[in-house]
Amino acid sequence: MLSLRGISRSFSRNSKYCFQDICNKAIPSIQKCNCRYIGRSTCVLGVEPMKLLMPALSPTMTEGTIAKWLKKEGDAVAAGDALCEVETDKATVTMDADEDGILAKIMVKDGTSNISINTLIALMVEEGEDYKDVTIPTDTESASPAEPATTSTPETTAEHTQAEGTSHRNLISPAVRHLLDTHNLNAADIASTGPGGILLKGDVLKYLESPTAKAPVTTTTPADTPTSYVAPAPSQVPEPAVHQTQETFTDIPLTGMRRTIAKRLTESKTTIPHAYASIDCTIDEISRLRKQLKKENVKVSVNDFIIKAVASALQQVPEVNATWKDNRRELLSEVDISVAVATDSGLITPIVRDASHMGLSGISEKVRELAGKAREGKLQPTEYQGGCFTVSNLGMFGISEFTAVINPPQACIMAIGGSKLRLDSRGKPTAYMTVQMSSDARVVDDALACQFLAAFKTNIENPMRLGLL
């Protein structure tokens, strides 16, 4: 006796036979008792899939882009395996599998953008199943576009009238047609009273007697027309040529990250009352200390000193370590410093967690690690979500000073400019850098901002007091 799967395969190969014929030939008694089981065979009805949906990989993510699939259709997948790379509003994140199985069908190809969360992107089947027999859900097929609404235009109205007139002429008698042709009438202009809309002779005669009837068109021969002087047509003045301007720009599609940056910064400038305060700090002591550390093969940057000085100042003035949430001021216990990093996709702010308890070497190593991952698009959500204070340094680009926009829900961001030589009060050349802090006036008022900047200035000008290493 043939197995159920064998019968099903026979059915799929011999499509010219009906399903009942194969059942009757294979198992005489199957018609009464086992037809329902064969009807459920995966070879006939397909394999029930496991759906993979676009996940929300960050709290602010509403859509994403499939950057690259790391598995191909037919590949075995174990729980925890990387399936694809998804470009979120912040970074490129790897999407991992939750279950074991086989990747049966990729519904969204590489490079597809603007994919809303919970959209079906792929199908998996259980191990041992034939992935080629996977059942494609019907709700993923693109619906046929709705029929466009027809609008009445002069052209369509004329065509409709002509077609209607033709249909009327097909329903009239020769006598009625003769009257229409004699008086140059259109059957569509005359109300018909005959059965089924047929135009009668009486309808035409009644129309001719009505005041709305058109006068018959008479033609005249050239001999009947007196010769008259016809004035020459005025010379046509050519219209001035319209200058066609060539396109001098190129549209560049926004990445998900840049769309999010535009949205959040617009929100910040329109909803947060920005207050600004700046201060000049000398960095001669930092320069001397960096030279000493370099002799000991300890490489640290000025930005590492700044992060450490900010973290210490937040401990000294804890009221600044706060955020605005649900229409109230909320103090934070951890000192997590966000560091602005420029990437090809846009600006991102990875976080140095618990910076107040880290040494300078640890901060330097962490910043290098996070900056490298940010430029490669490999940051995990936990590495850029949160933070209490942002440091943005453009000094290495030759910028002397600038103003930064607050990154909500944080309350402060510090903009660091490059160093410049100036004479101090004793006439000695001294390296200064200008620091400007933007703060949310609802959280940090002017007096508190000044107190914080004074603490930061003391820290940055006396780096040895920070317990740097």
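Residues numbered from 1 in each chain as written. Predicted model: local features only at pLDDT ≥ 70, side-chain atom pairs only at ≥ 80, totals over all residues. Heavy atoms only, no water.

## Considering the environment of L83
Here L83 lies in strand β4 (residues 82-87). Setting aside residues up to four positions removed in sequence, L83 forms contacts with L52, W69, L70, K71, V77, M95, D96 and A97. (Helix = DSSP H or I, 4+ residues; strand = E, 2+ residues; numbered from the N terminus. Contact = heavy atoms within 4.5 Å.)

## Observations regarding the nonpolar core
With 77 residues, the main nonpolar core has I121, V310, I337, F389, F452 and F456 as its most contacted residues. With 8 residues, the top contributor of residues to this core is helix α11 (residues 302-316). If we ignore the near neighbours within four places in the chain, the residues touching V310 are I337, F389, V391, M414, F452 and F456. Grouped together as the second largest cluster of nonpolar side chains are 10 residues, L180, A187, V204 and Y207 included. (Core = buried A, V, L, I, M, F, W, Y, C linked by side-chain atoms within 4.5 Å. Buried < 20%, exposed > 50% of the residue type's maximum accessible area, 1.4 Å probe, protein only.)

## Quick look at helix α9 (residues 256-271)
With 16 residues, α9 ought to run about 22 Å at 1.5 Å a step, and its terminal C-alpha atoms sit 22 Å apart, in line with that. Every buried residue belonging to α9 is among G256, M257, T260, R264 and S268, and all of these are buried. Mapping the buried residues of α9 onto a view down its axis gives an arc of 90°, with all of them on the same face. Relative to its buried face, α9 has exposed residues pointing more than 90 degrees away, namely K263 and T270. Looking at the buried positions of α9, the neighbouring elements they touch are β4, β9 (274-282), β13 (341-343) and β14 (346-348). (Expected span 1.5 Å × (residues − 1). Arc of directions from axis to C-beta.)

## A closer look at the pattern of salt bridges
One pass over the structure, following the stated rule, counts 13 salt bridges. Of the charged contacts, one joins K378 and E85 as a salt bridge, the two residues approaching to 3.0 Å between their closest N and O atoms. You can see K378 sitting in the loop between α12 (360-376) and β16 (389-393) and its partner E85 sitting in strand β4, a full 293 residues away along the chain. For K378, a relative accessible area of 35% translates into the label partly exposed. Overall, the relative accessible area of 14% leaves E85 in the buried class. With a closest N to O distance of 3.2 Å, D280 and R422 form a salt bridge. Linking D280 in strand β9 with R422 in strand β17 (residues 412-423), this pair joins segments that are 142 residues apart in sequence. Exposure remark for R422: the relative accessible area of 34% places this residue in the partly exposed category. (Salt bridge = Lys/Arg side-chain N within 4 Å of Asp/Glu carboxyl O.)

## Topic: the side chain of S364
Within the fold, S364 resides in helix α12. With sequence-adjacent residues up to four places away left out, S364 is seen in contact with K299, V300 and D304.

## Quick notes on the packing of aromatic side chains
Enumeration according to the criterion identifies 1 aromatic pair in this entry. With a centroid separation of 5.4 Å and 35° between ring planes, the pair formed by F389 and F452 is classed as tilted. Of this pair, F389 sits in strand β16 while F452 sits in helix α13 (residues 446-461); the two residues are 63 residues apart in sequence, bridging distant segments of the chain. Among the residues examined, F389 registers a relative accessible area of 0% and is labelled buried. On the basis of relative accessible area, F452 is assigned to the buried category, the value being 0%. Its guanidinium or amino end placed over the ring of Y432, R422 lies 4.2 Å from that ring's centre, counting from NZ or CZ. (Phe/Tyr/Trp six-rings, centres within 6.5 Å; stacked < 30°, edge-to-face > 60°. Lys NZ or Arg CZ within 6 Å of the ring centre and 35° of its normal.)

## Considerations on the environment of T88
In this fold, T88 is placed in the loop between β4 and β5 (92-96). In this structure, the C-alpha to C-alpha distance between T88 and P381, residues 293 residues apart in sequence, is 9.7 Å. Not counting residues within four places of it along the chain, the set of residues in contact with T88 comprises L57, M61, V93, G256, M257 and Y384.

## Examining the confidence of the model for the protein chain
Overall, the predicted model of the protein chain reaches an average pLDDT of 78, with 74% of residues at or above 70. Per-element mean pLDDT across the protein chain ranges from 40 in helix α4 (residues 35-39) up to 96 in strand β15 (residues 351-352). Counting interchain partners and residues more than four positions distant, the pLDDT-below-50 stretch residues 27-44 has 34 contacts. Within the model, pLDDT remains below 50 along residues 217-229, and this stretch shows 2 contacts once partners closer than five positions in the same chain are excluded. (pLDDT = per-residue confidence, 0-100.)

## Describing the sheet that holds β4
Spatial strand order, β5-β4-β2-β7: 4 strands in an open sheet with antiparallel pairing. Either end of the sheet is taken by a strand with one partner, and the two such strands are β5 and β7 (115-116). The sheet contact formed by β4 and β5 spans 5 bridges and is antiparallel. Bridge pairing links V86 to V93 in β5. (Pairing = 2+ DSSP bridges.)

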